[in-house]
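# A closer look at the structure
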Amino acid sequence: MPPSRLDGLYRSLLLTKFFCKGWGKPENLQRLFEFRKIISNRERCRYLVPSNYPVEITKDEKTSECRVLEGKFVTPFSLYLPGLVPEASQEAHFQVILPHKWNDDKFKPMCIHLAGTGDHYYWKRRTLSAKPLLKEGNIGTIILENPFYGVRKPKDQKRSSLHNVSDIFVMGGCLVLECLVLLHWCERNGYGPLGITGLSMGGHMASVAATNWHKPLVLVPCLSWSTASSVFTQGVMTQSINWDILETQYFADGNYRERLAKMVTIVDDAFLAGQRFVKHFNESMKELQKDIKESREYQTKDIFGVDRSNNTLNLSPALLEKLLSRDKGRLTTQEVNELNEKIREAQQRYRLKPISVSEDIKIVKIRELPKGNSVEDALKVLAISNGLLVYEPPTTGNVITTALYDGTTKLMSYIMPNSDVSTAHDDNNGNEVELSGKKAWWENEALQFMRGVMDECTHLKNFSMPYDTSLIIAVCAKDDAYVPREDCTSLEEIWPGAEVRYLDAGHVSAYVLHQKLFRSCIIEAFERAKKLHLPSINSPNKLSSEECNNQ
């Protein structure tokens, strides 16, 4: 199914821009990558938050519809990684919506609702989810305020515009540990079964948080998928990212390329080439420089391989011999015409940008290239059509290579730092976009690094499997342009036993039109939990109402 046009239109109307200050400090990203390895392991993470972690209830009132509690506590994340959580976000705030009376004293379901992008304060989730769930399923709700949102938003942050890429990982780390605090609080007060849900970003945060609870837990992630990398590198959210800042910062500070790129892993197999490039960037450049040096020593090797019979452009023997000669020379008019004709044929085959050669082009030899595939042929065409036929040292700045883009094998030509050569790729709407020279190189490197860091910190393959996957019902939109699923491992593969349901809708239309379906899935998942894991309210650590208010 094609991505929803409504999603693209809606995103284009929003003013919010993300990551306007860049990636975040390299040392902060390194600390986050290292801590991710701890909180992604349930047996290690569960001990980061004690079962009696202090929670303060600041409000307790009754309305005609329900009982409303409000509370706060210090986010445990700030205790483990001091200095990363902004002061305004260090205190977690939440609201609890409870029924006046439970239908069954042994069945007091409580569900934590995490916020999607731009969902500040409590009112939206309280109106669309919490109160309807109370009426429809007698399910209690905890609405947790996201770090960087609502009362937890730093003063210098506008709307939902996170300043740094690292901020979203801080947000996720906070929510994982804060959910553990609230799940323990629910157990101490005799609530259960317990669950977590969320829409969009909130759905993915819920999935990550659910992996770290050491008991059966209802999980209903809506409009999310197995990783956030596709959201920020392929979906319509890419339009809202300040790529110029990210690209400039990535290349200006060697720490990102030489140290951090080696710490991240692109998980899905479709991106293996990008993974190798991101993870081994420095080694790749050294190897390239070595090959460049060696090319000067082996000028007798031609661009079509050692065997000159492998003449894939079908050039005349005389022209081929001239192109492969040791000495620089000029092409005759007849040779120029012949070469241009062959280039035009290859351009149609490979959809390359039209380029022609002229008589004053200097012919220089280049090193031997791999043989036997269309990428090789296209590289030869690019080399010839630019009159280069040579790899020069990086000081003069000519490099031609290949890469994977958006999970599909495509030719990417990078001439840096100065070249008129350009290459093309498809944007999210299927339109061909021209990238040229240094810009193409920079954009792809920043994109690959973004994909790597997002997979490293958000891909569910990097986290423990939830305790009981039969309590998971995920709801996805088939035409979701915010959360592309192509080339990403499916939830069913990562979590065998989980159920995924698909809507014939885009991201925005699903959010607007299918709130009732989201709630029905939550109710159904809690009914499953009731049958499989009926909780007992006779917990030895249950607290009285007075004790609860002092926690």
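To be clear, the structure that these remarks concern was listed above.
Residues numbered from 1 in each chain as written. Predicted model: local features only at pLDDT ≥ 70, side-chain atom pairs only at ≥ 80, totals over all residues. Heavy atoms only, no water.

Let us look at the packing of aromatic side chains. Enumeration over the complete set of coordinates arrives at 14 aromatic pairs. Each ring, one from phenylalanine 19 and one from phenylalanine 232, has its centre 5.7 Å from the other, and the planes form 45 degrees; the classification is tilted. Residue phenylalanine 19 is found in the loop between helix H1 (5-13) and helix H2 (26-39), and its partner phenylalanine 232 is found in helix H8 (residues 229-233); the two are separated by 213 residues along the sequence. Summarising the burial analysis for this pair, phenylalanine 19 and phenylalanine 232 share the class buried. Centre to centre, the rings of phenylalanine 35 and tyrosine 80 are 6.1 Å apart; their planes meet at 25 degrees, and the pair counts as stacked. Of this pair, phenylalanine 35 sits in helix H2 while tyrosine 80 sits in helix H4 (residues 76-80); the two residues are 45 residues apart in sequence, bridging distant segments of the chain. Phenylalanine 35 sits in the buried class, given a relative accessible area of 8%. Taking the relative accessible area as the measure of exposure, tyrosine 80 reaches 36% and is therefore partly exposed. Among the aromatic side chains, those forming a connected cluster through ring pairs are Tyr53, Phe73, Phe94, Trp102, Trp185 and Tyr191. Positioned above the aromatic ring of tryptophan 225, the side-chain terminus of arginine 485 is 5.7 Å from the ring centre. Here lysine 530 stacks its cationic end above the ring of phenylalanine 107, 4.7 Å away from the centre of that ring. (Phe/Tyr/Trp six-rings, centres within 6.5 Å; stacked < 30°, edge-to-face > 60°. Helix = DSSP H or I, 4+ residues; strand = E, 2+ residues; numbered from the N terminus. Buried < 20%, exposed > 50% of the residue type's maximum accessible area, 1.4 Å probe, protein only. Lys NZ or Arg CZ within 6 Å of the ring centre and 35° of its normal.)

Turning to the environment of valine 483, a few remarks are in order. Its location among the elements puts valine 483 in the loop between strand E12 (473-477) and helix H17 (491-494). Residue valine 483 is classed as buried on the basis of its relative accessible area of 6%. For valine 483 and phenylalanine 232, which are 251 residues apart along the polypeptide, the C-alpha to C-alpha distance reads 8.8 Å. Leaving out residues up to four positions away in the same chain, valine 483 has contacts with Leu223, Ser224, Trp225, Val231 and His507. (Contact = heavy atoms within 4.5 Å.)

One finds Trp23, Leu177, Phe232 and Met450 to be the most contacted residues of the largest nonpolar core, which totals 98 residues. In terms of residue count, helix H6 (residues 165-188) provides more of this core than any other element does, 16 residues in total. Residues in contact with tryptophan 23, not counting those within four places in the same chain, are Leu29, Asn164, Val165, Ser166, Leu246, Gln249, Tyr250, Tyr256, Ala446, Phe449, Met450 and Val453. With 23 residues, the next largest nonpolar core counts Leu199, Val220, Cys521 and Phe526 among its residues. (Core = buried A, V, L, I, M, F, W, Y, C linked by side-chain atoms within 4.5 Å.)

Remember, this is a structural readout, not a statement about activity or role.
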